Amino acid sequence: WWTSRWAVLRSFPSSASKKKGFRLFAPAAPELPIVERRNWLIHQHYIRKDYETCKVIIKTQLQETNGMCEYAIYVQALILRLEGRIQESLELLQSCAILNPSSTDNLKQVARSLFLLGKHKAAIEVYHEAARLCDKDWEISHNLGVCFFFIKDFKNAEEHLNTALQINKHDKTFMMLGKVHLVAGETDKAIEVFKRAVEFSPENTDHLSTLGLLYLQLRKYQKAFEHLGNALTFDPNNYKAILAAGSMMQTHGDFDVAMNKYRVAACAVPESPPLWNNIGMCFFGKKKYVAAISCLKRANYLSPFDWKVLYNLGLVHLTMQQYASAFHFLSAAISLNPRMGELYMLLAVALTNLEDVENSTRAYEQAVNLDESNPLVNLNFAIFLYNHGDKTAALDQYQEMQRKVNILQDSSSNLEFDPELMDMAQKLGAALQVGESLQWTKPGKDSKSKPHSATLAKSPSAPLGTNQALGQAMSSAASYNKNIQLPAGTVASRLGMTPASPPTLPAPHNQQCDGSPSRAWEKKKEAEE
Amino acid sequence: MTSVESGGDGGKWLDAHYDPVAGLYTFSSCVDLADLSGDGENRLVVGDLGTGSSGMKLKVYRGTALMSENTLLDLPAGLVAFFMDLHEPRIPTTAVASGPCIYLYKNLRPYFKFTLPSLEVNTLEQDVWQQAREGQIDPLTLKEMLESIRKKADVPLSVRSLRFLSLETDGLDEFVQLHKQQPIRRQTVITCIDTLKKSTADEDGVSCLVVGTESSDVFILDSKAFIILSKMSLPAPPTMMDVTGQFDVEFRITVACRNGNIYILRRESDKPKYCVELPSHPVGLVRVGKNVLVGCTDESLQGFTQKGKKLWKIVLPAPITTMAPMDLPTRGFQGVLVGLANCEVHLYRDKNLLSTIKTPDVVTSICFGRYGREDGTLIMTTKGGGLMVKILKRTVVFDDRDSAPGPPLAQSIRLNVPKKTKLYVDQTLRERESGVAMHRAFQMDLSRVRLAAAKAYVKALESSLTPMSASLSEPLKMNAVVQGLGPSFKLTLHVQNTAACRPVMNLAISFLYDENLYRIRDPYMRIPLLVPGLIYPVGTFVDCTNDKGITDIIKVFVLHEGRSSPLLTAHINMPVSEGLALS
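These numbers were taken from a predicted model, which means no experiment stands behind them.

Enquirer: What is the right way to look at the overall build of chain B in this model?
Expert: Secondary structure assignment for chain B yields five helices and 36 strands. For chain B, the residues scored as buried account for 51% of the 583 residues in total. Here the analysis covers contacts within chain B between residues at least 6 apart in sequence; of these, 48% occur between residues at least 24 apart. Total accessible area on chain B is roughly 27,600 Å²; 54% of this is exposed by carbon and sulfur atoms.

Enquirer: So what exactly am I meant to see when it comes to the UniProt feature "repeat: TPR" (unreviewed entry) in chain A here?
Expert: On the UniProt side, "repeat: TPR" (unreviewed entry) is annotated at positions that read residues 171-204, 205-238, 307-340 and 341-374 of chain A here. Helix makes up 79% of residues 341-374 of chain A and strand 0%, with an end-to-end C-alpha separation of 9 Å.

Enquirer: Can you help me understand the sheet that holds strand E28 (residues 387-392) of chain B in this one?
Expert: Pairing between sheet strands relies on hydrogen bonds along the backbone, with the strands arranged either parallel or antiparallel. All names here are of chain B. One open sheet accounts for four strands, arranged E1-E28-E27-E26; its pairing is antiparallel. The sheet is open, and its two borders are formed by strand E1 (13-19) and strand E26 (363-371), each paired with just one other strand. The mean angle between the axes of side-by-side strands here comes to 20 degrees, regardless of whether they run parallel or antiparallel.

Enquirer: For this particular structure, what's the right way to read the nonpolar core?
Expert: Generally speaking, soluble globular proteins have nonpolar side chains that are buried together. Ranked by size, the top nonpolar core spans 103 residues in total, and within it A:Ile279 and A:Leu379 carry the most contacts. With 102 residues, the next largest nonpolar core counts A:Ile58, B:Tyr25, B:Phe27 and B:Met323 among its residues.

Enquirer: It is not clear to me how helix H4 (residues 172-179) of chain B should be interpreted in this structure. Could you clarify?
Expert: Turn by turn, an α-helix covers 3.6 residues, leaving residues three or four places apart pointing in a common direction. Residue and element names in this part refer to chain B. Of all the residues in H4, the buried ones are Leu172, Phe175, Val176 and His179. Buried positions in H4, seen along its axis, are confined to an arc of 100 degrees and lie on one side of it. On the buried face of H4, the contacting elements are helix H1 (123-133), helix H2 (139-152) and helix H3 (159-166).

Enquirer: Please clarify how the pattern of salt bridges should be interpreted in this entry.
Expert: Two side chains that carry opposite charge are able to pair once their charged atoms sit near each other. In this structure the tally under the stated criterion is 43 salt bridges over all chains. We note a salt bridge from A:Asp50 to B:Lys383, for which the minimum N-O separation is 4.0 Å. Linking A:Asp50 in the loop between helix H3 (39-47) and helix H4 (51-65) with B:Lys383 in the loop between strand E27 (374-382) and E28, this pair reaches from one chain into another. On the basis of relative accessibility, which here comes to 14%, the residue A:Asp50 falls in the buried class. For B:Lys383, a relative accessible area of 32% gives the class partly exposed. Two residues, A:Glu139 and A:Lys108, come together in a salt bridge whose shortest N-O distance is 3.2 Å. Taken together, the residues span a long stretch of sequence, with A:Glu139 in helix H9 (residues 138-150) and A:Lys108 in helix H7 (residues 104-116) at a distance of 31 residues.

Enquirer: When you look at the interface of chain A and chain B in this model, what are you seeing that I'm missing?
Expert: Interface extent is often summarised as the accessible area lost during association of the parts. Each partner contributes to the interface: chain A provides 78 residues, whereas chain B provides 79 residues. At the boundary of chain A with chain B, total buried surface from both sides reaches about 7,000 Å², with 61% on carbon and sulfur atoms. If you sort the residues of chain A by the area they bury against chain B, A:Leu32, A:Trp40 and A:Arg48 come out on top, with a joint share of 11%. The salt bridge involving B:Asp74 is made with A:Arg37; its shortest N-O contact spans 2.7 Å. Per-element tally for the side of chain A that touches chain B: the top contributor is H3(A), with eight residues. For the side of chain A that touches chain B, a count of residues per class yields 43 nonpolar, 17 polar and 18 charged.

Enquirer: Please clarify how the packing of helix H13 (residues 205-217) of chain A against helix H14 (residues 221-234) of chain A should be interpreted in this entry.
Expert: Between two packed helices, both the angle of their axes relative to each other and the distance between the axes serve to describe the pair. Residues and elements named next belong to chain A. It is the contact of H13 with H14, at a shortest axis distance of 8 Å, that shows an interaxial angle of 160 degrees. In this view, H13 runs roughly antiparallel relative to H14, as classed from their interaxial angle. The way H13 lies across H14 gives a crossing that is left-handed. Packed against H13, whose contacting residues are Thr205, Leu208, Ser209, Leu211, Gly212, Leu213, Tyr215 and Leu216, the element H14 presents Tyr221, Lys223, Ala224, His227, Leu228, Asn230, Ala231 and Phe234 at the interface. Here the contact of H13 with H14 is composed, by residue class, of 10 nonpolar, five polar and one charged.

Enquirer: What is the right way to look at the pairing of strand E34 (residues 535-544) of chain B in this model?
Expert: Every other side chain in a regular strand lies on the same face of the sheet, so the side chains alternate between the two faces. All names here are of chain B. Pairing geometry for strand E30 (residues 488-497) and E34, over nine bridges, is antiparallel. Directly across from Leu491, in E34, lies its bridge partner Thr540. Judged from the three bridges that link them, strand E32 (residues 518-520) and E34 form a sheet pairing that is antiparallel. Paired with Ile520 across the bridge in E34 is Val542.

Enquirer: Explanation requested: the confidence of the model for chain B in the structure shown.
Expert: Predicted coordinates in areas of low pLDDT are best not read in detail. Residue and element names in this part refer to chain B. Here chain B averages 86 in pLDDT, and 95% of its residues register 70 or above. Between residues 1-7, whose pLDDT stays under 50, and residues either more than four places distant or in other chains, the model counts 14 contacts. Prediction confidence for the complex, expressed as pTM and ipTM, is 0.70 and 0.75 respectively.

Enquirer: I tried to follow the pairing of strand E16 (residues 261-266) of chain B on my own but got confused; where do I start?
Expert: Residue and element names in this part refer to chain B. Where burial is concerned, most of E16 is hidden: six out of the six residues are buried. Of the two faces of E16, both are covered, the one formed by Asn261, Tyr263 and Leu265 as well as the one formed by Ile262, Ile264 and Arg266. Of the pairings in the sheet, the one linking strand E15 (residues 250-257) to E16 comprises five bridges and is antiparallel in character. Bridging from a neighbouring strand, Ala256 pairs with Ile262 of E16. Where E15 hands over to E16, the hairpin turn is made up of three residues, of which Gly260 adopts a positive phi near 85 degrees. Pairing of E16 with strand E17 (residues 274-277) involves four bridges; the strand directions are antiparallel. Each residue of the ladder has a partner; that of Asn261, found in E17, is Glu277.

Enquirer: How should the packing of helix H18 (residues 289-302) of chain A against helix H19 (residues 307-319) of chain A be read in this particular structure?
Expert: Residue and element names in this part refer to chain A. Running from amino to carboxyl end, H18 crosses H19 at an angle of 155 degrees, the nearest separation of the two axes being 9 Å. Taken as axis vectors, H18 and H19 run roughly antiparallel relative to one another. Between H18 and H19 the crossing geometry is left-handed. In contact with Tyr289, Ala292, Ile293, Leu296, Lys297, Ala299 and Asn300 of H18, H19 contributes Val309, Leu310, Asn312, Leu313, Val316, His317 and Thr319. A per-class count over the contact of H18 with H19 returns nine nonpolar, four polar and one charged.

Rules and cut-offs
- Residues numbered from 1 in each chain as written.
- Chains lettered and ligands numbered in written order.
- Predicted model: local features only at pLDDT ≥ 70, side-chain atom pairs only at ≥ 80, totals over all residues.
- Heavy atoms only, no water.
- Helix = DSSP H or I, 4+ residues; strand = E, 2+ residues; numbered from the N terminus.
- Buried < 20%, exposed > 50% of the residue type's maximum accessible area, 1.4 Å probe, protein only.
- Contact = heavy atoms within 4.5 Å.
- Areas by Shrake-Rupley, 256 points an atom, 1.4 Å probe, with all protein chains shown as cover.
- UniProt positions renumbered as here; feature names shortened; annotations may be inferred.
- Pairing = 2+ DSSP bridges.
- Axes fitted to C-alpha atoms, helices over the stretch in contact; angles between N-to-C directions.
- Core = buried A, V, L, I, M, F, W, Y, C linked by side-chain atoms within 4.5 Å.
- Arc of directions from axis to C-beta.
- Salt bridge = Lys/Arg side-chain N within 4 Å of Asp/Glu carboxyl O.
- Buried area = accessible area lost by both parts, 1.4 Å probe.
- Nonpolar A, V, L, I, M, F, W, Y, C, P; charged D, E, K, R; others polar.
- Parallel < 35°, antiparallel > 145°, perpendicular 65-115°, else oblique.
- Left-handed = near helix turned anticlockwise from the far one by under 90°.
- pLDDT = per-residue confidence, 0-100.

So this is what it looks like as structure tokens:
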């Protein structure tokens, strides 16, 4: 029935409505229909996204007025643009400009079309022209800012976006301004912008989750968690916030809570590599290694070139004592990211277990060369050297480790190290007969926090909200799991070096034949970040 | 009466009536409920847009039946029922806004027509038409002058001039003759209409009409004398209005405009007092208590204070088609009904979703109020023209759930993680036991593969087995094309000298093939001098002498006179011969 009604409309000639005009006021000369008489109807259909009906009405209206109805042409142009026919839309807007040369709306739409065509400079010119006709227009300033952002003129972009914010505050503008600051590398300014944005619209989950991620990058975990939590309160299905908050929960060992959150995300975005990586590391934290491997493999399948997933796969396989597989994952990770010391360290551990001493040594050397701040690398190398009888070199590595530990302690007052790392280091120190032992700060749960920082700092320019940033967040979480993990699997005691004191480690570790590799695990954890 | 499954929220609404072919094309602004006969029974008044260009009707429903129909002369933009005087019995008047006029109906009969005052006409335009009438200028000059007026003038041209400008040259004169005696007029069009109580807030108090026009004005009209009480102007044409208060005391008009902004007008000022810039166009505007709820095209519902401060925003599952208030004064309930493009109608109190009604079609207009003698009646029309009436159950309690409905459902769905298989466990154990051996075997094999690949590569280079010659003196390139279905094939070799400037001479081509399978007409061919860059086709015919569908490789060699090893080699995989050789 519906179609039949419109069929009637389509076949209807324009003269019919004119007749109505006659009947209304029928003097000698025909009364001409008012040009704007259907504008409201066109608008009503346009905003209801009923474009088919809209086009029919526009056609009737244009026939009736001989194409003199500006608004009908204007809406027709907008619809054409929505259908992707930007060029035709531009032509129509030009004819609108002839009918009404002083319309800013027209100019704005022309500029918008140019912008969509990627002609940012032309768009900027048209926007400037529109701004001359009507200053203090939020939309013009905002769009100018966006255009400048795309031609990488961040200074102008910032200026115009700030003008837009002065005229009127819009979520879009805040978001854009924050993005400009982030791309320009001004994280502090971006945080200020998002703070204002959250103040302006406290329930905008995009702002909340972005701000949370920024704090996470800066390692202000308390604030990060607060904002991410708020985002999740208003939108429990917010994928970005779920991943970030979940990774923080993982960091604190709340694997079950994190898994609950991930289940929601898994429904919303079932093919997200970072999500499956994090789920995998949750299983890892819960010591369900097989499930961890299948999740990580899924993440790897979805994103085969993500070295973090490969890193985690290598780590889990090391835990499972599947050294041959671990070797493959780690070498794949290294070919994707050849500048990371921890990866070489893990590879060295795998090679040690595969009894390839020569390559293991080379991997350790590479790891030590590349790594700048992680004492674990040197500790593992020292243990390896000690186990292979090279006490002098082991001592060198031990001292290098001490140096790194001291630097870390100087740079951060409340730094906490992994208890297993300290335990191993002390045992090694005893074995090497190094007199004074290191001053470790009180060990705490949060041991990982230190190592993360290095990796986080490496990619500060990564745009927020992208998988990369999420990846960072998650990998940091992942790394933590591993840390927790290690005590069980690693069993430092294996090393021949430390004689007596059976460590507090759980019994199972004794089963391992090769002592040395165990330390390596610890390092891996850190590397993951 | 048709009864239809009421779907999602069957517990709260009774299905009173559903006529899928009622043939109504209307918007929420053109639907109202009023006691038109003064008998205490409310009727449904609908301004039907017909086909959108003809067949416009004012329809009145009583119960489930169409009670009366009045033909409308133009598209109805809005419709309100209101009391225009204090006469007894208290019968409301229906005002239909269409074009520049308001048509008033009393007792379902046409009663009065009010036309909005004409707009100011451009004086220059008037002058030139005057000159045309007196014959001082010809139509072409008139056209030029009007053209130049249009470019600069602040006041737009009248319909007549616009039409005149759009005419072809041969119709100009006739047009001028026909129209020149008429005075020039510019009329505007009403885009929305609402009522405003004059001096009392009583239910049946006398109201004024509030009218928004295409010329971006808002008029308040006295309904007794039909004079303009107040005129206010806006930056853009209004699309929807909400009016509250009394004209004589204090009132507030919230207007959504075509530029996507919402303006708030107050009694004292003829300019907007507050402005809300929305991120997208408003589709619905409803006031609930002191707050204004706006539904936008970006699938969101937003709440604002009456001063335009944003309170909250919720995201809806589908685009909004229409919105209407739901007032149940007897229970002190106020909410908003939102029609969505996914065939649902949502009921919100503030930002809390109270109820969802599933409808068989997309709802285009909603009206809630007293119909017949039933207070809580929901009337909806659909995109297909259907009319639907639902009655709110009297026992219904809308519990005020919090907007945070606890953990999302997805949280309880198990993750899709595959079970570990016995094979996997076995493989894992095997790797643990003999990982070292596996690794060594792998490394060994890897080295062997690399060695084999390197050997093959060297061999290919040494024996010129590649179709590219790497030698410095004769850099050549060749490719071969086999055409035909068999048993005869045409074999064409394209030979190119890739050197920068040196020609190559003394080349020949020969073939190596299984003579039991193929016969080549010219097994040895001389190649002419090769000029650098040009591609030389060298062709011959190959006959397949075998009828068993066997194929083989033919090797092509490019030879240099006096040298035993070929410059290049190509292997041609011959296609299966589709035909039999003639013996």
